[in-house]
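# Descriptive analysis of the structure
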Amino acid sequence: MRTFLAARQLVFTFDLTLRCSLIANTARSFSTSSPKMASHAHAVVRPLAKRDPNTLSNYDAWRMKHTTADLEVDFDAKSLKGVVHLTLQRLAEEQKIVLDTSFLDVHSVSVGGKDVKFEVASARIEPYGSPLTIDLGEKPTSDEVTLSIGMQTTKDCTALQWLTPAQTSNKKHPYMFSQCQAIHARSLFPCQDTPDVKATYTFNLRSPLPVLASGLPTGSKDYRPSKDGKSGTLLYTFHQAIPMPSYLFAVASGDLASASIGPRSTVWTGPEELKACQWEFEEDTEKYIQAAESIVYPYTWTTYNVLVLPPSFPYGGMENPTFTFATPTLISGDRQNVDVVAHELAHSWSGNLVSAGSWQHFWLNEGWTVYLERRIQGAIHGGDQVRDFSAIIGWKALSDSIAQFGEDHEFTKLVQNLEGKDPDDAFSSVPYEKGFTFLYYLEKLVGISKFDKFIPHYFTTFKEKSLDSYEFKECLLSFFASDAEASKQLETIDWDMWFYKPGFPLKPDFDTTLADQCYDLAAKWEALNDGKSDFKPSAKDIETFNANQSVVFLEKVQSFAKPLSPELSKLMGETYAYASSQNVEVVSRYLVIGLKADDKSAYEPAVELLGKVGRMKFVRPLFRELIIRDKDLAQKTLEKNKDFYHPICRGMMEKMFNRLG
Ligand code: BES
Ligand code: ZN
């Protein structure tokens, strides 16, 4: 208990250091224009309540309550421009408001029509951007203020990708979309870019093409014809009445069509892809919602929709409220990748309603979501065997992440110190799978029927709030305080170990029935590869496998001590039709085996896939193997596709190339 408290204080101490340097920095930036204000900044004593080290905002003094974004989508200039109105509430005697910005042009700041002084720090504080400091003047006004900030995004904006018509599937119209998690919202609009602050949102977005945003659509209006024979524009409006953190701010605009995938669900995508997308999701979406509702409580965001993006979307899915953003690699024609929808839907409770207070406690978002996702899958598709099979895949992903970081690395802890760090660099399977493993362990410890009662309690306690791991612990212990038996079981938890020990957690005893068939087949290939067997592979071997079983088989083969011979790699691709699979989960893993085997026939399809899919989950392992085996080819591939990749993915690839190349 004591160590646990000490560690908690440590986090706050780090935080204090950062904040002091921020105050000093603010003072410096003002000292040239107004020395009086500089001394004022030093006099301020703030309560120690800011627990997120990855924001430069003073959200402990002022807190965002509502944001109205009046923005125009300018496809020619590749910029979002206009005015954002931020309503903030005062929490301390502080006349300055510090907001996060990153590569943003801020033209003006006004309050009630009157311009106020503002300054964007001239030097960036990496990796957090350039704080915008707004001075409200000497005398405290009211306890609530609405800032109107004139701004536009720049070409360096990390949250947006702009596609030319030639880069879209039907080549007819341009396209744009955002991805704000973890700390990219600040490159879209000035904000308190921390999951510790939640606000309601109004989106008024003008565009020549249909727009979606992370709120409920309230219509389109106010058509404006355009000059020069260009398309006219409409004002698309949305409202998000449930307070949400800035990282869930989302917008997309392009040639979009929609089709129903359930009584409260619609899929949006390009007109040519619509039918295939509808087929992929219509079977399961409503079932998932109902299963989640019976595990937690009713869905509160009114509708649950999916936007299927162009292939450069860097993630599998992103849980933007009302509209999950999803990669088109889910559309494999076999409904084998819809588990991503179960995952993003589960975020409607874990992450979107109940949020981690900083990225240091990211497991509260992702660990809980993976836990709920697997409960949903188990409820719909056949119970514990299915759930544990998915957990076995997760354990392998965890092992890979731990191997890549190293067993002692900070980022292999459940609760991580991200002081001075970019949360994107810490991103891995660790918060997902260590978080899941912890919740699974707690479920087994108290028993599932008791844990089932805790789930709605937890999600009610922190509904529309943000929390950290210590509040989670308190909530769990107090819920079971009146249950002597459960309390005794909970006393055995080594909290320090779970929160702060790097590397592997305790391994649960998974039901391996479904995985065993995959391992058995892999063992046959290993013996064959070692010259110890005369096994004759045939298509029959995988006749009963679903795509996930092929994934488990392929991952086992990837981890052979001795890589497959080029001949066997080729044989596998042909015999099991993995080389020609339409399922990217399968073909990408097969190609990693091919590259590891130095099978010459794998290079071309690997490079081709890297030019077709920008989802980092697939790009990362393929590109890594390519760098190790053929640096020149890796460089050429990156160069050729640099406009295709999303800025986040491109940045990740450049970092990897510099590290390994
Ligand atoms: N919220 C994440 C994606 C994310 C995390 C984006 C951190 C940026 C920073 C999303 O819910 C997610 O986990 N997506 C997974 C889906 C999978 C676990 C089913 C993905 O993209 O692969
Ligand atoms: Zn997630």
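These numbers come from a predicted model, not from an experiment. (Residues numbered from 1 in each chain as written. Chains lettered and ligands numbered in written order. Predicted model: local features only at pLDDT ≥ 70, side-chain atom pairs only at ≥ 80, totals over all residues. Heavy atoms only, no water.)

With that settled, consider the UniProt feature "binding site: Zn(2+)" (unreviewed entry) in the protein. Summarizing the sequence annotation, UniProt attributes the feature "binding site: Zn(2+)" (unreviewed entry) to His-343, His-347 and Glu-366 in the numbering used throughout. These annotated residues cover 24 residues of sequence, and their C-alpha atoms lie no more than 9.1 Å from one another, placing them together at a single site. Among the structural elements, His-343 can be located in helix H5 (residues 339–346). Looking at His-343, the relative accessible area reads 9%, which means it is buried. (UniProt positions renumbered as here; feature names shortened; annotations may be inferred. Helix = DSSP H or I, 4+ residues; strand = E, 2+ residues; numbered from the N terminus. Buried < 20%, exposed > 50% of the residue type's maximum accessible area, 1.4 Å probe, protein only.)

Across the sheet, which stays open at both edges, the five strands sit in the order E16-E17-E18-E20-E19 with mixed pairing between neighbours. Whereas interior strands pair on both sides, the edge strands pair on one side only; in this sheet they are strand E16 (257–262) and strand E19 (317–318). (Pairing = 2+ DSSP bridges.)

The next thing to look at is helix H11 (residues 469–479). For H11, the complete set of buried residues consists of Ser-469, Tyr-470, Phe-472, Lys-473, Cys-475 and Leu-476. Among the residues of H11, the N-terminal cap falls to Asp-468, whose side-chain oxygen and the backbone nitrogen of Tyr-470 are separated by 3.1 Å. (Polar contact = N/O pair within 3.5 Å; in protein donor to acceptor, adjacent residues only side chain to side chain.)

Checked against the element boundaries, Lys-198 lands in the loop between strand E10 (175–178) and strand E11 (199–207). Here Lys-198 sits buried without a salt bridge, and the closest side chain of opposite charge, Glu-464, lies 7.7 Å off (N-O distance). For Lys-198, the side chain forms a polar contact with the main-chain oxygen of Leu-353, separated by 2.8 Å. The contacts of Lys-198, once residues within four sequence positions are left out, are Met-64, Pro-243, Met-244, Pro-245, Asn-352, Leu-353, Val-354, Ser-355, Glu-464, Lys-465 and Ser-466. (Lys, Arg positive; Asp, Glu negative; His and termini not counted. Salt bridge = Lys/Arg side-chain N within 4 Å of Asp/Glu carboxyl O. Contact = heavy atoms within 4.5 Å.)

Binding of the zinc ion (ligand 2) to the protein goes through His-343 (NE2), His-347 (NE2), Glu-366 (OE) and Glu-366 (OE), at separations of 2.0 to 2.8 Å. For the zinc ion (ligand 2), the donor residues sit on a single chain with the sequence spacing H-x3-H-x18-E. Of this pair, His-343 sits in helix H5 while Glu-366 sits in helix H6 (residues 363–380), and the two are 23 residues apart along the sequence. Glu-366 shares its class with His-343; the two are buried. (Donors = N, O, S within 2.8 Å, 3.2 Å for Na, K, Ca; no water.)

Opposite charge on two side chains permits pairing when their charged atoms draw close. Under the counting rule described, the total for this entry stands at 38 salt bridges. The salt bridge involving Arg-335 is made with Glu-283; its shortest N-O contact spans 3.4 Å. In this pair, Arg-335 sits in the loop between strand E20 (323–326) and H5 while Glu-283 sits in the loop between helix H3 (274–282) and helix H4 (285–295), placing the two residues 52 residues apart along the sequence. Looking at Glu-283, the relative accessible area reads 38%, which means it is partly exposed. Linking Glu-574 and Lys-570 is a salt bridge whose minimum nitrogen-to-oxygen distance equals 3.8 Å.

Attention now goes to the environment of Asp-400. Summarising the element assignment, Asp-400 is placed in helix H7 (residues 383–405). Residues Asp-400 and Val-430, spaced 30 residues apart in sequence, show a C-alpha to C-alpha distance of 9.5 Å.

Here we come to the state of the cysteines. What the rule picks out here adds up to zero disulfides. Take Cys-157: it sits in no disulfide, and the sulfur closest to it among the cysteines is that of Cys-180, at 7.9 Å. (Disulfide = S-S within 2.5 Å.)

Every one of the 16 residues lining ligand 1 counts as a neighbour, but Gln-181, Gly-316, Glu-319, Glu-344 and Tyr-432 are closest to it. The contact in question runs from an oxygen atom of ligand 1 to an N or O atom on the side chain of Tyr-432, over 2.6 Å. Notes on ligand 1: free accessible area 520 Å², of which the protein chains cover 89%. Elements supplying a minimum of two residues to the shell around ligand 1: E19 and H5. At three residues, the largest contribution of residues to the shell around ligand 1 is made by H5. Grouping the constituent residues of the shell around ligand 1 by class yields six nonpolar, six polar and four charged. In this structure, the shell around ligand 1 is formed jointly by two domains, domain 1 (53–346) and domain 2 (358–500), each of which donates at least three residues. (Near = heavy atom within 4 Å. Areas by Shrake-Rupley, 256 points an atom, 1.4 Å probe, with all protein chains shown as cover. Nonpolar A, V, L, I, M, F, W, Y, C, P; charged D, E, K, R; others polar. Domains from an automatic or database assignment.)

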